[in-house]
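Geometric and topological summary
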Protein chains: 2
Amino acid sequence: MTTNSDPVYLKIKKELLQRIRQGELRPGDKVEHEEIIAQQYDCARATVHRAIRELAEEGYVERKRRAGTRVASAGNRATRVTIPLVRQEIEARGAKYRFNVLEREIVTPSGVAGAALSSDRALFLRLIHFANEAPFQLEERWINLETVPQAEHATFEMTNPNEWLVETSPYSEAEHFFSAENANKAQAKLLELDENDALFVIERRTHLEGDAITYARLLHPGANYRMTAENFSFSTKN
Amino acid sequence: MTTNSDPVYLKIKKELLQRIRQGELRPGDKVEHEEIIAQQYDCARATVHRAIRELAEEGYVERKRRAGTRVASAGNRATRVTIPLVRQEIEARGAKYRFNVLEREIVTPSGVAGAALSSDRALFLRLIHFANEAPFQLEERWINLETVPQAEHATFEMTNPNEWLVETSPYSEAEHFFSAENANKAQAKLLELDENDALFVIERRTHLEGDAITYARLLHPGANYRMTAENFSFSTKN
DNA sequence: AGATTGAATATGTATGGACATATTAAAAAT
DNA sequence: ATTTTTAATATGTCCATACATATTCAATCT
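Keep in mind that what you see is a predicted model, and the values were worked out from it rather than measured.

Examining the overall build of chain A
What chain A contains, in helices and strands, is seven helices and 11 strands. The C-alpha atoms of chain A give 24 Å as radius of gyration, which overshoots the globular expectation for 238 residues (18 Å, by more than 25%). C-alpha atoms of chain A, sized along the principal axes, occupy 65 × 35 × 30 Å. The proportion of buried residues among the 238 residues of chain A is 51%. Long-range pairs, those at least 24 residues apart, make up 59% of the contacts in chain A between residues at least 6 apart in sequence. For chain A, the exposed surface amounts to about 11,400 Å²; the carbon and sulfur share of it is 47%.

Section: the protein's contact with DNA strand C
In the neighbourhood of DNA strand C, 23 residues make up the surrounding shell, with Arg45 and Arg63 of chain A together with Val8, Thr47 and Arg66 of chain B lying closest. Put simply, 70% of the atoms of DNA strand C that lie within 4 Å of the protein are in sugar or phosphate. In this structure, His33 of chain A approaches DNA strand C through a side-chain N or O atom, which is 3.4 Å from a sugar or linking oxygen. Between DNA strand C and the protein, one listed contact pairs a base oxygen with a side-chain N or O atom of Arg66 of chain B at 2.8 Å. Counting only elements with at least two residues in the surface near DNA strand C, the list comes to helix H3 (45–57), strand E2 (61–64) and strand E3 (68–71) of chain A together with helix H1 (8–21) and helix H3 (45–57) of chain B. Per-element accounting of the surface near DNA strand C gives the leading share, four residues, to H3 of chain B.

Regarding the domain arrangement of chain A
Domains assigned within chain A are domain 1 (8–71) and domain 2 (80–224). One C-alpha centre belongs to domain 1 of chain A, the other to domain 2 of chain A, and the line joining them spans 43 Å.

Side note on the sheet that holds strand E1 (residues 30–31) of chain A
Residues and elements named next belong to chain A. Strand order across the open sheet formed by three strands is E1-E3-E2, with antiparallel pairing between neighbours. Of all the strands in the sheet, just E1 and E2 have a single pairing partner and so form its edges. Examined bridge by bridge, E2 and E3 share four bridges and lie antiparallel to one another. Counted as the bridge partner of Glu62 is Arg70 from E3. The strands touched by H3 are E2 and E3; relative to E2, the strand with the most contacts, the crossing angle is about 115°.

Section: the sheet that holds strand E1 (residues 30–31) of chain B
Residue and element names in this part refer to chain B. Ordered in space as E1-E3-E2, the three strands form an open sheet in which the pairing is antiparallel. In this open sheet, the two strands that pair with only one neighbour each are E1 and strand E2 (61–64). Of the strand pairs in this sheet, E1 and strand E3 (residues 68–71) are connected by two bridges, and their pairing is antiparallel. Paired with Val31 across the two strands is Thr69, which belongs to E3. On top of the sheet, H3 reaches E2 and E3; it is set at about 115° to E2, its chief contact.

Quick notes on the confidence of the model for chain A
This prediction gives chain A a mean pLDDT of 92; 95% of its residues lie at or above 70. With pLDDT under 50 throughout, residues 234–238 of chain A is counted as low confidence; its partners more than four residues away or in other chains account for 13 contacts.

Some details on the relation of the copies chain A and chain B
Between chain A and chain B, the superposition needs a rotation of 180° and an axial shift of 0.0 Å, giving an RMSD of 0.1 Å. Taken together, these values place the two copies in the relation of a two-fold axis. A share of 98% of interface residues in chain A that are also interface residues in chain B marks the association as one of identical surfaces.

Calculation notes
Residues numbered from 1 in each chain as written. Chains lettered and ligands numbered in written order. Predicted model: local features only at pLDDT ≥ 70, side-chain atom pairs only at ≥ 80, totals over all residues. Heavy atoms only, no water. Helix = DSSP H or I, 4+ residues; strand = E, 2+ residues; numbered from the N terminus. Rg over C-alpha atoms; globule rule 2.2 N^0.38 Å. Buried < 20%, exposed > 50% of the residue type's maximum accessible area, 1.4 Å probe, protein only. Contact = heavy atoms within 4.5 Å. Areas by Shrake-Rupley, 256 points an atom, 1.4 Å probe, with all protein chains shown as cover. Near = heavy atom within 4 Å. Polar contact = N/O pair within 3.5 Å; in protein donor to acceptor, adjacent residues only side chain to side chain. Domains from an automatic or database assignment. Pairing = 2+ DSSP bridges. Axes fitted to C-alpha atoms, helices over the stretch in contact; angles between N-to-C directions. pLDDT = per-residue confidence, 0-100. Least-squares fit on C-alpha atoms with pLDDT ≥ 70 in both.

What follows is the structure, given as C-alpha cells:
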C-alpha cells in the first residue's frame, strides 16, 4: 500500500500499478496523460513522468510520443535472478565453505569453450566446492590467457577463480545459461551422486569490451539445488 | 560507446560505466559529487542525478546521503530472465504449436501445491505442449478455485491455462524457481524420453494482493532446453 | 485515390532553483 | 575520555518552465 511518507512519484506509481493489478486498467487500455494526472495529484508533470517512466521500464506500460501511454500486454515478463558467488551461497546457509583444485592445465580450448573464448591459450581448471564437506558444486572453467595473462601465475589456493576474477576485472559483462544434464560417471563420483542423476547447470561467459575473459560451467546436484527468480516490482513496494 | 545524439544524462551514465568497466574506478572508490560532474558536463545537477541514480538502480554504485557515491563491490550481480509463454517460445523457433489436456480434475491440493495455494479447492490440470508434434513441455498446474472460480467452467481447448490466466488476471505477481530433476517413468513416456533423463524444471507461483492464484510445474527435456539470462546494462547501451 | 505537406499533441529531456533528509564530522558539554 | 549537540554536506525530491521529437491526424496537392 501507499505510505503517507512516500514521495509523490512513488505514490503515483504504486496507485497506477494497483489499478493495473486489480484489473481496472487492462492491457491495451490508455492511461491518462501526464498533465491530467499532474492536476489530479496537484504536482508537476516531471513528477508524474518519473512515475510512469519507471512503470514503463519495468514493462507494465508502453509509451509512445503523441500516441500516449497504454497498459502493456501481459505475459513474458522479465524477472530478476541473482547468481551468487559459491562461497556466499554456502556461507549464507550457515555451512562451512571449502574448495579444491582438481585439475590445472594450459590448453587450446575447443568445443563450446573454444567458441566462447576464441583464443589459442587458456588456463583450464576443474574445481569442487564443498558445503560442510559435502560436494556442492563442480566447476569447469577456462580463463583466456590472452586477455587475462596474470591468471597463468595465480595459485588459486586461497581465493577461488571466480573471486579472483571478480577482483581482477570487477564489472565485466556476463551472459548466463541454465540447463539440466545427466551426470556422467566422473561427475557423479566427484559430486557423490549416482551416474545419470540430474544436474542443474549454470554456464557463464564473461567479456570486457568485446574481449572474452572466461567461460565456466557450474554443475549442481539437481536434487537439492533451486534457483529463485524475484519479481521486478515486488507487490507494490517499488 | 557514446553517441553524439545521446541525451546528456545517458552520456554521463555511459562514460561513468566505462570508467568502472575499465577499472579506472574500482569497487569502493568514490565518484565525484553531482555538482562537480554537473560543472564538468556544463549541465544541471538533476541531469547528473538521473545518470547516477540509474547506475545505482542497476547495482554499479551505492549512494548514501552526505557520504557520497561509491563503486559497489562486484560479485553476485543481478541478471534478467524472461520466462516466455510456451506458444511464443515455440512459434519463435518457427515451429508449429499444439497442446493437449491430458488430465483435468478438481482436487484438494497437498504437498508443494497445497503449500503454494493454501486452498481447499483447486483445478488440477496436466498438459503437454508440442513443437512440430514433438513433446516440448509437460505442465502440471493447480488453479485456486477460491480466487479464480471461473476456471471451473473454462474448457482450455483453444487457449491453454497459462494464456487464459494471463487474460484473466494479467498483472499478478509471480515467483519462479528453477531446478533439475530426473524424469520418472510417466513423465519420460509423455516427453518421449528415457526414464531418468534430466528435466529442466520451472516452478511458478502467482498471487494477487496476497491471494494465491496458481502453482505450475513446467518440465522440459534437459538435453535441448536452455534458458538465457541477459545482462542488465548490456555493454554500454543503456 | 493516393501521395505530400503541415499542424497538433503526448512524451522526452533539460534547466535552475528550492527545500528535505540522512549521515558525517566537528564542537560543546558532561 | 565519553557522550551529546550542532553544523556541514551530499543525495533525494519537487517545481515551473522551456524546448525537442516522434507520431498521429487533417488538409492540401497531384
